[in-house]
Amino acid sequence: MEVRVVKKEEYSFIDDFVYEMFRHTNYSNGVAEKALVREIREKHFYIPELDLVVEEEGGIIGHFILSKFPISNKFENEILMLSPVSVAINKQRQGIGKYMLQEGIKLATKMGYKGIIVEGDYQYYQHFGFRTSTEFSIYASMKNLPPSVENLMAMELCENGMANISGEVDYSIYNSLLHGQL
């Protein structure tokens, strides 16, 4: 397995890949996640070096994006949002997601970012060092509350990296997320 940056000529394939992975879940039809990938790439929050795929034997088996994300309209050059994360259906539960996230966290750390936020399964993301965001004084906006407080998580990429960062996570900067959840 190898993690590498997405090539521009692969954008359409990745859009469809993300859609297919999410449309088979019990919480999404894939439309919002596919739209989110496109929207991230169109905004100034996009970091091409953190739009990544996992390749195995010449085929893409996973994709994820880390992009700049403002907390209370500040800190966008310090905090990243992890979303969406997609693993091929026939490759799930084989450590691909774990490998992707570990590599992404290493890259983001090397690039000097201070933290990452994610909305998702607390049981899964806590294995990487994510904690409930409220532990960092980061709260969900009343405009788009997660299913529970534990679903909005954050992690520091360096010691005390988020000590001076606090505020509100408001996804309304993305039209695809106006339904309220990732």
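Structural data are supplied above this passage.
Okay, so let's go over this structure. Throughout, a residue's number is its position along its own chain's written sequence, starting from 1. In view of the model being predicted, local features appear only for residues whose pLDDT reaches at least 70, and side-chain atom pairs are presented and counted only at 80 or more, with totals across whole chains, interfaces and linings using the full set of residues. Each side-chain value is derived from all of the structure's non-hydrogen atoms; neither hydrogens nor water enter the calculation.

1. With respect to the pattern of salt bridges
Opposite charge on two side chains lets them pair, provided their charged atoms get close. We define a salt bridge as a side-chain nitrogen of Lys or Arg found within 4 Å of a carboxyl oxygen belonging to Asp or Glu. Enumeration over the complete set of coordinates arrives at 12 salt bridges. For Asp 16, the salt bridge identified is with Lys 34, shortest N-O distance 3.1 Å. Taken as a pair, Asp 16 in helix H1 (residues 11-23) and Lys 34 in helix H2 (residues 31-42) lie far apart in primary sequence, 18 residues in all. Residue Asp 16 is classed as partly exposed on the basis of its relative accessible area of 37%. Salt bridges sharing common partners tie together Asp 15, Arg 38, Arg 41 and Asp 51. Only DSSP runs of H or I with at least four residues qualify as helices, and only runs of E with at least two residues qualify as strands; both kinds are numbered from the N terminus onward. Buried, partly exposed and exposed residues are distinguished by accessible area as a fraction of the type maximum, computed with a 1.4 Å probe on protein chains only: under 20%, between the cut-offs, and over 50%, respectively.

2. Comments concerning H1
Taking 1.5 Å as the rise per residue, H1 with 13 residues should run 18 Å; its terminal C-alpha atoms sit 18 Å apart, in good agreement. Turning to H1, its buried residues are Ile 14, Asp 15, Phe 17, Val 18, Met 21 and Phe 22. The buried residues of H1 occupy an angular sector of 165 degrees when the element is viewed end-on, so they sit on one face. Contacts between residues were defined by any pair of non-hydrogen atoms, one from each residue, lying within 4.5 Å. Where H1 is buried, its residues touch H2, strand E2 (51-56), strand E3 (59-68) and strand E4 (79-87). Expected helix span is taken as 1.5 Å per residue step, with the number of steps being one fewer than the number of residues. The arc in question is formed by the directions pointing from the helix axis toward the C-beta atoms.

3. Here we look at the sheet that holds strand E8 (residues 152-156)
Pairing between strands is defined by DSSP: at least two bridges between the two strands are required. Spatial strand order, E1-E2-E3-E4-E5-E8-E6: 7 strands in an open sheet with mixed pairing. Every other strand in the sheet has two partners, leaving strand E1 (2-5) and strand E6 (131-132) as the edge strands with one partner each. Note that E1 and E2 share 4 bridges and pair antiparallel. When the bridges of E2 are listed, Glu 2 appears paired with Glu 55. With axes taken as lines fitted to C-alpha atoms, and helix axes fitted only over the stretch in contact, angles between N-to-C directions fall between 0 and 180 degrees. With respect to the sheet, helix H3 (residues 96-110) is in contact with E1, E2, E3, E4, strand E5 (115-119) and E8, its orientation differing from that of E4 by roughly 155 degrees.

4. Structural notes on the pairing of E2
Across the 6 residues of E2, 5 count as buried, placing the element largely inside the fold. Inspection of the sheet shows E2 paired to E3 by 6 bridges, in the antiparallel sense. Bridge pairing in E3 links Val 54 to Gly 62.

5. Some details on H3
Here H3 spans 21 Å end to end across 15 residues, near enough to the 21 Å set by a 1.5 Å rise per residue. Burial in H3 covers these residues: Ile 96, Gly 97, Met 100, Leu 101, Gly 104, Ile 105 and Ala 108. Looking straight down H3, one finds its buried side chains confined to an arc of 155 degrees; they lie on one side. Buried residues along H3 sit against E2, E3, E4, E5, helix H4 (122-125) and E8. Looking one or two places after H3, you find Gly 112, whose phi comes out positive at around 90 degrees.

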